[in-house]
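Observations on the three-dimensional arrangement
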Amino acid sequence: MFSDFPATYQDWKVTDPQDLFQAPILKTESNPKAHISRHLSQEARGCEHLVLWLDCDREGENICFEVIECTAFRMRDNRRKVYRARFSSVTEKDILKALENLVEPNKNEALAVDARQEIDLKVGVSFTRFQTSYFQGKYGNLDARVISYGPCQTPTLGFCVQRYLQITAFKAEKFWALCPYVIQDGFEIQLQWERQKLFDFDVATMFHKLVMQDGIVEVLDISEKQETKARPSGLNTVNLLKVASSALGFGPQMAMQLAERLYTQGFISYPRTESTAYPSSFDFRGTLGLLANSSIWGDCVRDLLSKGYQKPRSGADAGDHPPITPMRSATEDIVGRDAWRLYQYVCQHFIGTVSSDCKYIRTKVEFSSGGEYFHCMGLHVTDQGFTCIMPWLALKETNLPQLSKGERIEITKLELYEGNTEPPNYLSESELISLMEKNGIGTDASIPVHINNICERNYVQVQSGRKLVPTTLGITLVRGYQCIDPDLCLPDIRSFIEQQINLIAKGQADHSRVVQHVLQQFKQKYIYFVKQIENMDVLFEAQFSPLADSGCFLSKCGKCLRYMKYISPQPSRLYCNTCEEVYYVPQKGTVKLYKELTCPLDNFELLLFSLSGPEGKSFPLCPYCYNNPPFEGIDTLFGATKIGSSGKLGKGAGMPCFICPHPTCRHSLISQGVCACPECSGTLVLDPVSAPKWRLECNMCNCLVILPQGAHRISTTRERCSECDSTIIEVDFNKKTTPLEDGATLHAGCILCDELLHSLVEVKHGKSFFKRLGGRGRGRGMTRRRRGRGSAKVDPKMSFRDF
């Protein structure tokens, strides 16, 4: 299920974004075609008990109550009991334990999720709709389909921009440092200056002369100290995401997908957890036994089992789930290369938590020369401990020669090093995750989503080293928020919201009161933001080009007959400077003029749109009809212009020619449609510009039918097949390759019923086409299918503009 507004609030032009703060919200199925609700309802008939096996977090608790609603069970019904199973892995042991300890679902945790969803939806959509409508209508080179705002997403972007501003504001300073070198027993040692660096050249030069005049360093003290590098605590989600980004090169979103797949396959425990402390009942020996036969870490594990493993460090117990641990032995062949790398780290981390600490001796030798003090450090590892299984954390040994207190050694070389201070680097994903966790932005489950969103919205770009570099749009947005209301991009408000949501989850605050209080605060901020939007607009004017100055001339407007400009940055659109009108076109493809033909309904020049990819669909469209469909009740899956509450292009807001039921236009479905699609309720339409690789494409799904190749011309006729009602097509074959007798080239027939044409047809997508037709004679069996172009008939209830 997902939350959204009712249909009456979906039209951007009709609904004032401010009204969304009081609008009702509905929960609908994420995939209505799957009919999950209906299936659950049917399965629950006659059942006396409902046991809910959902993920053991708040989102899982929320889904529990969605299932209860679908199945019509009641929490306090003595006749039909509802139980909740709590488990952290899908091993037999954990499943049996959960079954023996069933509990009631937690309503408060479910309400906490509802509260977060309602707040994020209403706040995010209201700001997003206003921003997108305001700025996309003014600037042509805004490379963003949606200019979105989110209570978590925007503070996440704010961290990236804040680091960018620190980099740009940074001014390098020169510094100087003394670097003396000595040689002892064949070892050359560079000594470290206690002052480290000076920013005054004259002072640094003075110290350089003093040491140079002395020419000798004296050993003042030698100290040794045994130190320990502690083994890691249990692995939680945030740490897994940070390591996946910094060491494995996986983005947070991909890392979570891999972890969830490993969990559902039973290889690791539940991957969403905030805890780093193992429960007292955790079976360490049993888990180690699962890994003992590995060719990679088997020796290390067997050594731990025989000599005894260490008790893990006491970590943080968030009260949710145990740390992430391996649950089954796996191989790269079973889980795949990327998942294997993540699984490998989970295993190594777990083994590291029960290994001994890394122990080493640190030696420090202190020197003096010319009144200045220096030192050098040595390091000797006495016990590798957990670094044996986690070698990337191993310490690098540094050997020192034999030295004695009071010993005087000649300086062989003395450098006055000159350097420059350096700015901080761009935030890495790992650093950003740490900042989000520290400031309470998002949850362990949603952190990857927020980072992925700012990348998809073109607010930041991921560069080498998984560094997050903000784009011009991202920087301008955050600077605009800072000008109007800094709270909108700071983490403080989100942290407060999360605190209130936690109170709901614990039963210490009322769900509806918290939601209303937070929404009222954001509504006031929204009203003020709208009034002050010109302050942000000044920043946009400095960075982006006005709509009238963008794009290149492409096609004529049907109203003023002047050329319109095509603006390619997303969202792609046409702009008429004379009429000051914007016409959106389908996204993620190429647009060009279609033979200077015009639409008979509105006189706009037609465009030919081709989807990206070698086998992408190509189809003509009228810019005006696409944005203002002349027929009601037309539903299409292709590239609508409006954007829904989720920030995605909406369905059914655009009408290309291949679904237009205009009865006389030669580009419409009526003229170019050939027969029914075997895969869906759509129609196979002739691609008029696909020569010499002629093809039919479904106007609803990806079904693709290859027609006779190399033909000079293939066109539809006004005749219909008497047996299946499909359109008769006319094929003008190439003289050299014609299959017709006596060298004839012209042939007309039905691709379903004509044996010659049917033998030359190839299905690229939609295998059932030949399953239904293959091996059959002229049209046999087709009378049971719907008539060839039934979907192309004009509904008498449709309203449309005068022809």
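Looking only at helices and strands, one finds 22 helices and 28 strands in the chain. Each of the 803 residues in the chain was classed as buried or not, and the buried ones make up 50%. A separation of at least 24 residues holds for 64% of the contacts in the chain among residues at least 6 apart in sequence. In the form shown here, the chain has an accessible surface area of approximately 39,100 Å², with 48% of it arising from carbon and sulfur atoms. In the chain, 94 positive and 91 negative side-chain charges are present, and the distance between their average locations comes to 6 Å.

Our next topic: the side chain of Thr132. Locating Thr132 in the fold gives a position in helix 4 (residues 107-136). Judged by its relative accessible area of 2%, Thr132 is buried. A distance of 3.1 Å separates the side chain of Thr132 from the backbone nitrogen of Ile147, its partner in a polar contact.

All right, on to the side chain of Arg129 then. Position of Arg129 among the secondary structure elements: in helix 4. As a buried residue without a salt bridge, Arg129 has its nearest oppositely charged side chain in Asp4, at a separation of 6.1 Å. A polar atom in the side chain of Arg129 sits 2.8 Å from the backbone oxygen of Tyr9.

Strand order in this open sheet of 4 strands is 14-15-16-17, and the pairing throughout is antiparallel. Every interior strand has two partners, whereas the edge strands, strand 14 (552-556) and strand 17 (581-584), have only one. With strand direction ignored, the average angle separating the axes of adjacent strands in the sheet is 35°. Sheet analysis places strand 16 (residues 573-576) next to strand 17, joined by 4 bridges and oriented antiparallel. Following the sheet pairing, Cys576 is matched in strand 17 by Glu581.

All right, on to the pattern of salt bridges then. Under the definition given, this model contains 29 salt bridges. As a salt-bridge pair, Glu61 and Arg84 come within 3.1 Å of each other at their nearest N and O atoms. Remark: Arg84 occurs in strand 4 (residues 81-84) and Glu61 occurs in helix 2 (residues 58-71); sequence separation between them is 23 residues. Neither residue differs from the other here; Glu61 and Arg84 are each classed as buried. In this structure, Asp485 engages Lys525 in a salt bridge whose closest nitrogen and oxygen atoms are separated by 2.9 Å. Linking Asp485 in the loop between helix 15 (472-484) and helix 16 (491-505) with Lys525 in helix 17 (residues 511-531), this pair joins segments that are 40 residues apart in sequence. The two residues Asp485 and Lys525 agree in class, both being buried. Residues joined in a network through salt bridges with shared partners are Glu59, Arg116, Asp120, Arg494 and Glu498.

Attention now moves to unusual backbone geometry. For Lys595, which is not a glycine, the phi torsion comes out positive at approximately 55°. Structurally, Lys595 can be placed in strand 18 (residues 589-598). You can call Lys595 exposed: its relative accessible area is 57%. Phi angles above zero are rare outside glycine, and Asn603 is one such case at about 70°. Mapping Asn603 onto the fold places it in the loop between strand 18 and strand 19 (605-611).

Given two aromatic rings, their pairing is described by the distance between the two centres and the angle made by the two planes. Under the counting rule described, the total for this entry stands at 36 aromatic pairs. Ring plane angle 80° and centroid distance 6.0 Å describe the contact between Phe130 and Tyr526, whose orientation is recorded as edge-to-face. On the criterion of sequence distance, the pair formed by Phe130 in helix 4 and Tyr526 in helix 17 is long-range, its members being 396 residues apart. You'll find Phe130 and Tyr526 in the same group, each marked buried. Where Phe284 meets Tyr309, the ring centres are 6.1 Å apart and the plane angle is 45°; that geometry is what we call tilted. Here the residue Phe284 occupies a position in helix 9 (residues 284-291), and Tyr309 occupies one in the loop between helix 10 (298-307) and helix 11 (332-335), the gap between them amounting to 25 residues. Looking at Tyr309, the relative accessible area reads 29%, which means it is partly exposed. An aromatic cluster of three or more residues is present, and its members are Phe21, Phe127, Phe130, Tyr134, Phe135, Tyr139, Tyr149, Tyr481, Tyr526, Phe529, Phe540 and Phe544. When the ring centre of Phe73 is taken as reference, the NZ or CZ atom of Arg80 above it lies at 3.8 Å. It is Lys565 that lies over the ring of Phe553; its NZ or CZ is 5.3 Å from the centre.

Our focus in this paragraph is the nonpolar core. With 104 residues, the main nonpolar core has Tyr343 and Ile351 as its most contacted residues. If one sorts the elements of this core by residue count, helix 12 (residues 337-353) sits on top with 9 residues. For Ile351, the residues in contact, after removing those within four places along its chain, are Leu288, Leu291, Trp297, Cys300, Val301, Leu304 and Ile389.

This part covers the sheet that holds strand 18. As a general point, the strands of a sheet are linked pairwise by backbone hydrogen bonds and lie either parallel or antiparallel. Judged by pairing direction, the sheet is antiparallel, and its 3 strands sit side by side in the order 18-19-20 without closing on themselves. Edge positions in the open sheet fall to strand 18 and strand 20 (618-621), since each of these has one partner strand only. Here the average twist between neighbouring strands, direction ignored, is 25°. When strand 19 meets strand 20, the two strands line up antiparallel, connected through 4 bridges. Residue pairing across strands places Leu607 opposite Leu621, the latter belonging to strand 20.

Pairing between strand 14 and strand 15 (residues 563-567): 4 bridges, direction antiparallel. Within the sheet, the bridge partner assigned to Phe553 lies in strand 15 and is Lys565. Linking strand 14 to strand 15, which pair antiparallel, is a turn of 6 residues; within it Leu561 sits at a positive phi near 60°.

Moving on: helix 2. Counted at 1.5 Å a residue, the expected span for helix 2 with its 14 residues is 20 Å, and the 20 Å between its end C-alpha atoms agrees. Among the 14 residues in helix 2, 10 count as buried, and that is most of the element. Against strand 2 (26-28), helix 1 (36-43), strand 3 (49-52), strand 4 and helix 4 lie the buried residues of helix 2. The first or second residue beyond helix 2 is Ala72, which carries a positive phi of 65°.

Together, Trp53, Ile95 and Leu99 make up a nonpolar patch on the protein surface, roughly 250 Å² of accessible area in all. For Ile95, the position within the fold is in helix 3 (residues 92-100). Given a relative accessible area of 33%, Ile95 falls into the partly exposed group.

What counts, and at which threshold
Residues numbered from 1 in each chain as written. Predicted model: local features only at pLDDT ≥ 70, side-chain atom pairs only at ≥ 80, totals over all residues. Heavy atoms only, no water. Helix = DSSP H or I, 4+ residues; strand = E, 2+ residues; numbered from the N terminus. Buried < 20%, exposed > 50% of the residue type's maximum accessible area, 1.4 Å probe, protein only. Contact = heavy atoms within 4.5 Å. Areas by Shrake-Rupley, 256 points an atom, 1.4 Å probe, with all protein chains shown as cover. Lys, Arg positive; Asp, Glu negative; His and termini not counted. Charge placed at Lys NZ, Arg CZ, Asp CG, Glu CD. Polar contact = N/O pair within 3.5 Å; in protein donor to acceptor, adjacent residues only side chain to side chain. Salt bridge = Lys/Arg side-chain N within 4 Å of Asp/Glu carboxyl O. Pairing = 2+ DSSP bridges. Axes fitted to C-alpha atoms, helices over the stretch in contact; angles between N-to-C directions. Phe/Tyr/Trp six-rings, centres within 6.5 Å; stacked < 30°, edge-to-face > 60°. Lys NZ or Arg CZ within 6 Å of the ring centre and 35° of its normal. Core = buried A, V, L, I, M, F, W, Y, C linked by side-chain atoms within 4.5 Å. Expected span 1.5 Å × (residues − 1). Patch = residues over 30% accessible without salt bridge, like charges linked within 9 Å, V, L, I, M, F, W, Y side chains within 5 Å.

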